[in-house]
Amino acid sequence: MNSDAATLFRERLKSLREARRLSQAQLEEEIGKEANYITRVETGRIDTPPLEVISAIARALQVSMSDLFFFEGIDASAEDLRAKIRSMAETDDTRLLRKYYRLMLVSRED
C-alpha cells in the first residue's frame, strides 16, 4: 500500500472505530491483539496489518473489508461534499433519487 493510501486507511480505521464508540483497547480485545496494536496501526508504526487482521478489524467494526478502504470524500471539506451531493441530486431519475434518499436515511441510523 502506498503511503497516501496507508494514511487514508489509518484515518478511515479511526473514523469507523470512533463511530462504533470503541476505544483502541476495546478493538484490540475484540480482534485478539496485544495492547497498543491499534494505536500503532492508527499512528503508522504498523504500516499495513496482515490481511487476516484487516478481516478481523472489519468484523469487529461490523463493516466489509472494502468499507475500510473506501476513501472517497474523506479529506473533502463540508462545502465540497455538499457540492458533490447537489450534483448527484440534480437528476430527473426518481428511482435513483429514492435510492440516494434511502442511503442517506440508513447512514443516519445509529
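Use the structure listed above.
Residues numbered from 1 in each chain as written. Predicted model: local features only at pLDDT ≥ 70, side-chain atom pairs only at ≥ 80, totals over all residues. Heavy atoms only, no water.

(A) Local environment of the side chain of Glu-42. You can see Glu-42 is positioned in helix 3 (residues 37–43). Separated by 2.7 Å, the side chains of Glu-42 and Gln-24 make a polar contact. When neighbours within four sequence positions are excluded, Glu-42 is seen to be in contact with Arg-10, Leu-13, Lys-14, Arg-17 and Gln-24. (Helix = DSSP H or I, 4+ residues; strand = E, 2+ residues; numbered from the N terminus. Polar contact = N/O pair within 3.5 Å; in protein donor to acceptor, adjacent residues only side chain to side chain. Contact = heavy atoms within 4.5 Å.)

(B) Structural view of helix 7 (residues 94–108). End to end, helix 7 covers 21 Å across 15 residues, agreeing with the expected 21 Å (1.5 Å per residue, within 8%). By the N-cap criterion, in which a side-chain oxygen at the helix start approaches the backbone nitrogen of a residue two or three places on, helix 7 is capped by Asp-93, the distance to Arg-95 being 3.1 Å. (Expected span 1.5 Å × (residues − 1).)

(C) Highlighting the nonpolar core. The biggest cluster of nonpolar side chains holds 19 residues, and the ones touching the most others in it are Leu-13, Leu-27, Ile-31, Ile-57, Leu-61 and Leu-68. Breaking this core down by element, the ones donating at least two residues are helix 1 (3–19), helix 2 (24–31), helix 3 and helix 4 (51–61). When residues in this core are grouped by element, the largest group, seven residues, is from helix 4. Once you skip the residues sitting within four places of it in the chain, Ile-31 turns out to touch Ile-38, Val-53, Ala-56, Ile-57 and Ala-60. (Core = buried A, V, L, I, M, F, W, Y, C linked by side-chain atoms within 4.5 Å. Buried < 20%, exposed > 50% of the residue type's maximum accessible area, 1.4 Å probe, protein only.)

(D) How the structure looks around the pattern of salt bridges. Under the criterion given, the structure shown has two salt bridges. A salt bridge links Glu-42 to Arg-17, with the shortest nitrogen-to-oxygen separation between them at 2.7 Å. Of the two residues, Glu-42 is situated in helix 3 and Arg-17 in helix 1; the sequence distance between them amounts to 25 residues. Classification of Arg-17 as buried rests on a relative accessible area of 6%. (Salt bridge = Lys/Arg side-chain N within 4 Å of Asp/Glu carboxyl O.)

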